[in-house]
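One-letter residues, chain by chain:
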Amino acid sequence: MRRALLFELALFAVPSGGALMLWLGGLAPAWSIPLASVPALGRHIFRLVDLSTLIRRQHRLAPPFPRGLWGEVYRNIARYQQRGRKGRKRQIRFTRRFREAANAVPDALVILDKHHRIDWANPAAAQLLDIHWPEQDGQHFLDVFCHPELGDFLHDGEYLRPLDIAPTHNRALMISLRIAPFGERKRQRLVVGRDITKVYHLNMIRRDFVANASHELRTPLTVIGGFVENLLDAPNTPEPHRRPLTLMHNQAERMRSIIEDLLTLSRLEMHDSPADQHSVDVPEELRLILQEAQAIGDAGHRLDPLIDTGLLLLGNQPELRSAFSNLVFNAIKHTPAGTRIRIRWCQDKDGATFVVEDDGPGIAPEHLPRLTERFYRIDAARSRQSGGTGLGLAIVKHVLNRHDASLNISSELGQGTTFACHFPATRTLRRDAPAPHVDTTPPTPSRSANGEA
């Protein structure tokens, strides 16, 4: 930069000396200074025109560069051009790698613009969703991939759960669709379709087997339990036989409880939402549940209820009662004598919350993610002794999912455990408010690929 500046000063000295010589030669200063400045001015005009032409024609600036400050200008522009070329090359390499990775993914990937028109799709989308790109570029997604449930799913914006559907072009497939907003202001959509046909059929086989086996076991178990109960009540039964008969009766009752829970789970899995929904008097249901809890809580548990008596819920009464009673009874069965159990039913800014909190021994962190799995027990021996089936929390989770609610479990060893059920505001009602209209049309059977959401 210093050399360029000295060069420009030297060039400035030349017209200055020329103007001085013209003035000394008798020419007026008004003419001598402009005449002496013509070469320098012409140089600047030439460089401006040359640089403008090179930039307009997108020519690459390369040495040799002119001397002086114009050389610095040329050199800096050349550096910016080089950086731009490197950036474009990186972008091209990244785009190529992205396309190669997206084309290798077995899941269908479709990018939609803000108007839900197809911007791009990978080859797997042609097989799974019958979307061919670029042939169908710019077409509306719902015009290419049609399904009755897809329109509401796409426009509602509730993308937390996938939509499991059978595409019209191939009913033998079962596709799990997930949609993620992205791009500017989250107005674009990324649609991901995964083939879950095998998982879906395996879960259907499992569900049918559990339901059929449970139904088949119920009748012989009822017969066995009835005869055992008659023998226990008969006065002629020998006294030494009463203890084994009592054990047989208890185990038959436990097996009956497991079968009933399995049938309940199978029934819950048949539909995504309950068919019969109406205003449920949750405070009254909790009052009855607490009465039953007092009856089974012979270990001296302290129940501390805090219930909003005016807060009702829109849903299915038997299912909600089952979920709430499971949480309360579990707190009694799996905590030692003297444990304090707080039951709260209240309204918050997001809807309604049902909480069962105890100050018992707590649950280790590694068990928390699996508590809602079928037959999962922290202590199998203790659960068997208390009569637990290992299905209660699985039923609770299914019931809450069917009522658009969520279950949060938090616990610390030695500090107790908290089970919190959060219901959306759309399902909360006040006792003095009119009940909304509810569509009681039975929903179509769910074809979810997994039993648990």
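Per an unreviewed UniProt entry, the protein chain goes by the name Phosphate regulon sensor protein PhoR and belongs to Marichromatium gracile. Annotation of the protein chain in UniProt includes, under Subcellular location (unreviewed entry), the sentence "Cell membrane".

Novice: Requested: an account of the nonpolar core, with residues and values cited.
Specialist: One finds Phe324, Leu327, Val328, Trp345, Phe354 and Phe423 to be the most contacted residues of the largest nonpolar core, which totals 43 residues. Broken down by secondary-structure element, the contributors of at least two residues to this core are α8 (239-269), α9 (282-296), β8 (311-315), α10 (317-333), β9 (340-348), β10 (351-358), α12 (392-402) and β12 (416-424). For this core, the leading source of residues is α10, giving 8 residues. Other than its neighbours up to four places away in sequence, Leu327 contacts Phe354, Val356, Leu393, Val396, Phe419 and Cys421. Core analysis: the next-biggest nonpolar cluster, separate from the first, contains 23 residues, Ala125, Leu128, Val144 and Ile165 among them.

Novice: Go over the environment of Ile332 with me, naming the residues and quoting the values.
Specialist: Within the secondary structure, Ile332 is located in helix α10. Exposure remark for Ile332: the relative accessible area of 7% places this residue in the buried category. Sequence separation of Ile332 and Gly300 is 32 residues, and the distance between their C-alpha atoms is 9.5 Å.

Novice: Go over α10, please, and point to the residues and values.
Specialist: Between its first and last C-alpha atoms α10 spans 24 Å; for 17 residues at 1.5 Å apiece the expected length is 24 Å, and the two agree. By the burial criterion, the buried members of α10 are Glu319, Leu320, Ala323, Phe324, Ser325, Asn326, Leu327, Val328, Phe329, Ala331 and Ile332. In this structure Asn316 caps α10, since a side-chain oxygen of it lies 3.1 Å from the backbone nitrogen of Glu319.

Novice: Requested: an account of the sheet that holds strand β7 (residues 302-307), with residues and values cited.
Specialist: Within the open sheet, the 5 strands sit side by side as β7-β9-β10-β12-β11. Their pairing is mixed. If you trace the sheet from one side to the other, it starts and ends with β7 and β11 (406-412), each paired once. Across this sheet, the average inter-strand angle for adjacent strands is 10°, counted without regard to direction. By the bridge criterion, 8 bridges tie β10 to β12 in an arrangement that is antiparallel. Bridging from a neighbouring strand, Ala352 pairs with Phe423 of β12. Where α9 meets the sheet, it contacts β7, β9 and β10, and its direction lies at approximately 175° from that of β7.

Novice: Help me get a handle on the pattern of salt bridges, residues and values and all.
Specialist: For the coordinates displayed, the defined rule picks out 16 salt bridges. Of the charged contacts, one joins Arg402 and Glu319 as a salt bridge, the two residues approaching to 2.6 Å between their closest N and O atoms. Here Glu319 lies in helix α10 and Arg402 lies in helix α12, a separation of 83 residues in the sequence. With respect to class, Arg402 is no different from Glu319; both count as buried. One salt-bridge network, in which partners are shared between bridges, spans Glu285, Glu292 and Arg321.

Cut-offs applied
Residues numbered from 1 in each chain as written. Predicted model: local features only at pLDDT ≥ 70, side-chain atom pairs only at ≥ 80, totals over all residues. Heavy atoms only, no water. UniProt positions renumbered as here; feature names shortened; annotations may be inferred. Core = buried A, V, L, I, M, F, W, Y, C linked by side-chain atoms within 4.5 Å. Buried < 20%, exposed > 50% of the residue type's maximum accessible area, 1.4 Å probe, protein only. Helix = DSSP H or I, 4+ residues; strand = E, 2+ residues; numbered from the N terminus. Contact = heavy atoms within 4.5 Å. Expected span 1.5 Å × (residues − 1). Polar contact = N/O pair within 3.5 Å; in protein donor to acceptor, adjacent residues only side chain to side chain. Pairing = 2+ DSSP bridges. Axes fitted to C-alpha atoms, helices over the stretch in contact; angles between N-to-C directions. Salt bridge = Lys/Arg side-chain N within 4 Å of Asp/Glu carboxyl O.

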